[in-house]
Amino acid sequence: ADQSSDSRLPQDLRNLSAIERAVRLYQKATGWNGSAEAYFNLGHLLWTGFPEESANDERDSLGMQDDVRPLLSLEAAGLPVDVDLVVADNALEMDRYKALQYFLKAVAMGDADAMYFVGVHFLSFEGDLADVAELRKRGERLIRSAAAARKEDGGHGGALYYLALLCRGGDPGLGIEPCSDADFASLLGRAAEAGDADALNLRAHCLYHGQEGYARDYAAALDGFLQAAKAGSADAAISAGAMYWRGGFDGASIRRDQRRAFELYQEAAEMGSTEGWRNLVSCYALGEGVPRCEKTARYIAETMLKGE
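Summary of the structure given here. These figures come from a predicted structure and were not determined experimentally.

We now examine the overall build of the protein. Across its full length, the protein holds 15 helices and 2 strands. By residue count, 45% of the 308 residues in the protein fall in the buried class. Counted over contacts in the protein with a minimum sequence separation of 6, partners at least 24 positions apart contribute 53%. Accessible surface, the protein as shown: approximately 16300 Å² in total, 46% of it carbon and sulfur.

Take a look at the structure:
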């Protein structure tokens, strides 16, 4: 887009790069209406950097490794958020310690996504230090707060799913014992009903295999996989595709449909699934669900699966 001619923008935002505009607009939003979402988005920009950078170890990138005291003091220090974000050469340097200042401000304003994000990060720390234990306890509290923050929508799906896994496996460090099948199914069901793709996918797997307190139900499993795929789960699209490719499940009117299987594999591939691309190679090579074309199969194998 022409950055110099957009008359809809305030004068001070014209002639700026896209990342500079984003930073300025988010900063304005925090000042105009105290937007928790703006604080959360600023945190994400600093967390990943722009263009996105990668870190081998998040704790190293925070510059504290086993010493988590800076995080403990940050949460109790009034949450300074007047961080100067410098954009140079259309790039913003990753700084996860500063990012947490913004995330924690959003947390203080009741943002469930921020609670979930920070909670998961805090729970990722490992070690026997007392400070680590305290940080992980704070993380658990944040996850539980996030799970309850969207009562009108049934709760935060990601937080509910995390709690379901925590309930199922337990966590000695947090004093959590593994829960019953019924409690696990209740939490997982709430997470799925809230639309979490991972929860929908896991519940469908439980229904498919008849595990974790669920009775085997192939029809419900397929429906769950399709819902999860629609919500963005590539793994669920693969599973649904496999069910259509096979067909003929006992007690379920699921007819073999290779064309539908091919479409689902394609959906998974477009979501970045290596297994999805592999299945497409097989479909083209064997002519299953799509006209046989060895040239296309070879092209996908040489381009999308190169190095795999």
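So, on to the state of the cysteines. Evaluated as defined, the whole model comprises 1 disulfide. One disulfide bridge connects C167 with C179, the sulfur atoms lying 1.8 Å from each other. Negative torsions about the S-S bond denote left-handed disulfides, and the value of about 120 degrees found for C167 with C179 makes this one right-handed. Of this pair, C167 sits in helix 8 (residues 157-169) while C179 sits in the loop between helix 8 and helix 9 (181-193); the two residues are 12 residues apart in sequence, bridging distant segments of the chain. You can call C179 buried: its relative accessible area is 16%.

The next point concerns the packing of aromatic side chains. Evaluated as defined, the whole model comprises 10 aromatic pairs. Centre to centre, the rings of F103 and F117 are 4.5 Å apart; their planes meet at 35 degrees, and the pair counts as tilted. Remark: F117 occurs in helix 6 (residues 112-123) and F103 occurs in helix 5 (residues 96-108); sequence separation between them is 14 residues. Since its relative accessible area comes to 0%, F103 is described here as buried. Ring centres 5.3 Å apart and planes at 70 degrees place the aromatic pair Y208 and Y218 in the edge-to-face group. You can see Y208 sitting in helix 10 (residues 197-209) and its partner Y218 sitting in helix 11 (residues 218-230), a full 10 residues away along the chain. Among the residues examined, Y208 registers a relative accessible area of 21% and is labelled partly exposed.

On to unusual backbone geometry. A cis amide bond links F50 with the next residue in sequence, P51, at an omega value of -5 degrees. Summarising the element assignment, P51 is placed in the loop between helix 2 (36-48) and helix 3 (58-62). Even without being a glycine, N90 presents a positive backbone phi close to 60 degrees. Looking at the secondary structure, you find N90 in the loop between strand 1 (87-88) and strand 2 (91-92). A residue is classified by how much of its surface remains accessible, and N90, at 39% relative accessible area, is partly exposed. A positive phi angle is found at E212, which is not glycine, with a value near 55 degrees. As for its position among the elements, E212 is in the loop between helix 10 and helix 11. Residue classification places E212 among the partly exposed positions, given a relative accessible area of 30%.

Glancing now at the side chain of D196. Among the secondary structure elements, D196 is positioned in the loop between helix 9 and helix 10. Take D196: its relative accessible area is 16%, and that puts it in the buried class. A polar contact is formed between the side chain of D196 and the backbone nitrogen of A199, at a distance of 2.9 Å.

A few words now on the nonpolar core. The biggest cluster of nonpolar side chains holds 85 residues, and the ones touching the most others in it are V23, L92, V118 and L188. With residues up to four places along the chain from it excluded, the contact list for V118 reads L100, F103, L104, V107 and L142.

The next thing to look at is the side chain of D111. Here D111 shows up in the loop between helix 5 and helix 6. Within the structure, D111 has its side chain in polar contact with the backbone nitrogen of A114 (distance 2.8 Å). Discounting residues that sit within four places of it in the chain, D111 has contacts with A36, E37, F40 and A106.

Rules used throughout
Each chain has its residues counted from 1, running along the sequence as written. Reporting of local features is limited, given that this is a predicted model, to residues whose pLDDT is at least 70; pairs of side-chain atoms are given and counted only at 80 or more, and all residues count toward the totals for whole chains, interfaces and linings. Here the side-chain values reflect all heavy atoms present in the structure, with hydrogen atoms and water set aside. Strands here are runs of E lasting at least two residues and helices are runs of H or I lasting at least four, both read from the DSSP assignment and numbered beginning at the N terminus. Exposure is judged per residue with a 1.4 Å probe applied to protein chains only, and the accessible area is read against the type maximum: over 50% gives exposed, under 20% gives buried, and values in between give partly exposed. Note on contacts: a residue pair is in contact if any heavy atoms of the two residues lie within 4.5 Å. Each accessible area is a Shrake-Rupley estimate made with a 1.4 Å probe; only the visible protein chains count as cover when residues are assessed. We call a pair of cysteine sulfur atoms a disulfide whenever their separation is within 2.5 Å. Each Phe, Tyr or Trp ring, with Trp reduced to its six-membered ring, pairs with another whose centre is within 6.5 Å; inter-plane angles below 30 degrees give stacked pairs, above 60 give edge-to-face pairs, and intermediate values give tilted ones. The term polar contact refers here to a pair of N or O atoms within 3.5 Å; inside protein, the definition further demands a hydrogen-donor-capable atom paired with an acceptor-capable atom, and it admits residues adjacent in sequence only when both atoms are side-chain atoms. Side-chain atoms within 4.5 Å link the members of a nonpolar core, which is a set of buried Ala, Val, Leu, Ile, Met, Phe, Trp, Tyr and Cys residues.

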